[in-house]
Amino acid sequence: MKPEELEALKERALKELSSAKNLADLEALRVKYLGKKGEITQALKSLKDLPLEEKKTVGAKLNELKEILEEFYKEKKNSLLLEEEDREEGIDLTLPGRKPERGALHPLTQTIEEICEIFTRLGFEVVTGPEVESDHYNFTALNIPEWHPARDMQATFYLKNGALLRTHTSPMQIRAMLERTPPLRIIAPGKVYRCDADVRHSPMFHQVEGLMIDDKTSFSDLKGILSFFAREIFGEKTKVRFRPSYFPFTEPSVEMDISCVICDGKGCRVCSQTGWLEILGAGMVHPEVLKAVNYDISKWQGFAFGLGVERIAMIKFGIDDIRLFFDNHLNFLESFK
Ligand code: DAH
């Protein structure tokens, strides 16, 4: 057998062995090449007719090839056996794999992140605090004493131990001021709770609280910063207006409206034909609140604001039912990818 013939035999045998589809095919190939009457065995037998020198070289090569084929055969047999087991268990390895589904951030998380990002650019620090709160932080320190009618404005969930679920993120104003020395700028996103449920209200919802205290912070800072925020989040063309309002912890107090994003201020169903959408409450921090944290009111002053994340997200994404945020329907959630 010439070296080229040997090489061709090797190639052919390996190719056939590797394409064996099952154990029966493989066995037939074993017989064909390595069996008693197989090609390799025959070739080895015919060595005896060769001259001595050739017998040595061709013999060595043939034996080497025999070993290679035997090894290959063993490996192929093992892998076919494994495949057969998988088939018996109902696993089809030839099926294409399933692509893992990519998730996405919840629309409320996206909104909170965007709000925090805008205020971070203005030097505000993001802080968080407990959802189980004391009466003192949630009400009293914010100038809402026990007899105050404002307590009824927020239907509170009380716990057996006298604590409560915070009804707003405003207690974070108190916590932030106690933990820091002025000047300070903080923004506090988080969950709040009120006993209330319909298309616009959920017993758990999200707010972002903001607070800026400095020696000269004025009402024009409030207007400037909140107008900037409105344009950043709703688009450059957004108009804002401030209406006088009342909150116990601010004086004076305002509510900020934006021009309706649906009708551009012309009047539609969403803005109840007014052309405006209310998006937040704000005001100059009441001296009583500063006193509650022992800040010197002759030196420090500032403004605070609070906004509802669901409301902002509903306006931004054009959603008319707050419950969609919490139903966890994949169709809804996937549309925010
Ligand atoms: N805490 C108020 C609420 O939940 C919102 C609010 C209004 C927060 C005015 C403020 C503010 O910081 O200055 O209704």
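Everything discussed here concerns the structure shown above.
To keep things clear, this report deals only with the structure shown in the data block. Remember, it's a predicted structure, so these values are computed and weren't measured experimentally.

## Points about the site of the ligand
Around the ligand, a shell composed of 16 residues is seen, among which His168, Ser170, Arg194, Gln207 and Glu209 lie nearest. Between the ligand and Gln207 there is a distance of 2.9 Å, counted from an oxygen atom to a side-chain nitrogen or oxygen. Contact distances for the ligand include 3.3 Å between an oxygen atom and a backbone N or O atom of Phe305. For the shell around the ligand, the elements supplying multiple residues, two or more each, are β5 (204-214), β8 (276-285) and β9 (301-308). Class assignment of the residues belonging to the shell around the ligand gives a composition of five nonpolar, nine polar and two charged.

## Considerations on the sheet that holds strand β1 (residues 125-126)
Judged by pairing direction, the sheet is mixed, and its seven strands sit side by side in the order β1-β4-β5-β9-β8-β7-β6 without closing on themselves. The open sheet has two free edges, formed respectively by β1 and β6 (240-247), since each of these has just one partner strand. Strand direction decides the pairing type here: β8 and β9, joined by five bridges, are antiparallel. Along β9, the bridge assignment pairs Gly281 with Gly306. The strands touched by helix α8 (residues 171-179) within the sheet are β4 (184-193), β5 and β9, with β4 carrying the most contacts at an inclination of about 140°.

## Quick notes on a positive patch on the surface
Positive charge collects at one region of the surface, where Lys36, Lys37, Lys45 and Lys48 lie side by side. For Lys36, the location among the structural elements is in the loop between α2 (23-34) and α3 (39-45). Residue Lys36 is classed as exposed on the basis of its relative accessible area of 76%.

## A look at the pattern of salt bridges
Between side chains of opposite charge, a pair can form as their charged atoms come close. Applying the stated rule across the entire model yields 17 salt bridges. Ionic pairing is found between Lys32 and Glu16, a salt bridge with its closest N-O pair at 2.9 Å. Highlighted residues: Lys32 in helix α2 and Glu16 in helix α1 (residues 3-18), separated in sequence by 16 residues. Exposure remark for Lys32: the relative accessible area of 34% places this residue in the partly exposed category. Here Arg323 makes a salt bridge to Asp321, at a shortest N to O gap of 3.1 Å. Among the residues examined, Asp321 registers a relative accessible area of 17% and is labelled buried.

Calculation notes
Residues numbered from 1 in each chain as written. Predicted model: local features only at pLDDT ≥ 70, side-chain atom pairs only at ≥ 80, totals over all residues. Heavy atoms only, no water. Near = heavy atom within 4 Å. Polar contact = N/O pair within 3.5 Å; in protein donor to acceptor, adjacent residues only side chain to side chain. Helix = DSSP H or I, 4+ residues; strand = E, 2+ residues; numbered from the N terminus. Nonpolar A, V, L, I, M, F, W, Y, C, P; charged D, E, K, R; others polar. Pairing = 2+ DSSP bridges. Contact = heavy atoms within 4.5 Å. Axes fitted to C-alpha atoms, helices over the stretch in contact; angles between N-to-C directions. Patch = residues over 30% accessible without salt bridge, like charges linked within 9 Å, V, L, I, M, F, W, Y side chains within 5 Å. Areas by Shrake-Rupley, 256 points an atom, 1.4 Å probe, with all protein chains shown as cover. Salt bridge = Lys/Arg side-chain N within 4 Å of Asp/Glu carboxyl O. Lys, Arg positive; Asp, Glu negative; His and termini not counted. Charge placed at Lys NZ, Arg CZ, Asp CG, Glu CD. Buried < 20%, exposed > 50% of the residue type's maximum accessible area, 1.4 Å probe, protein only.

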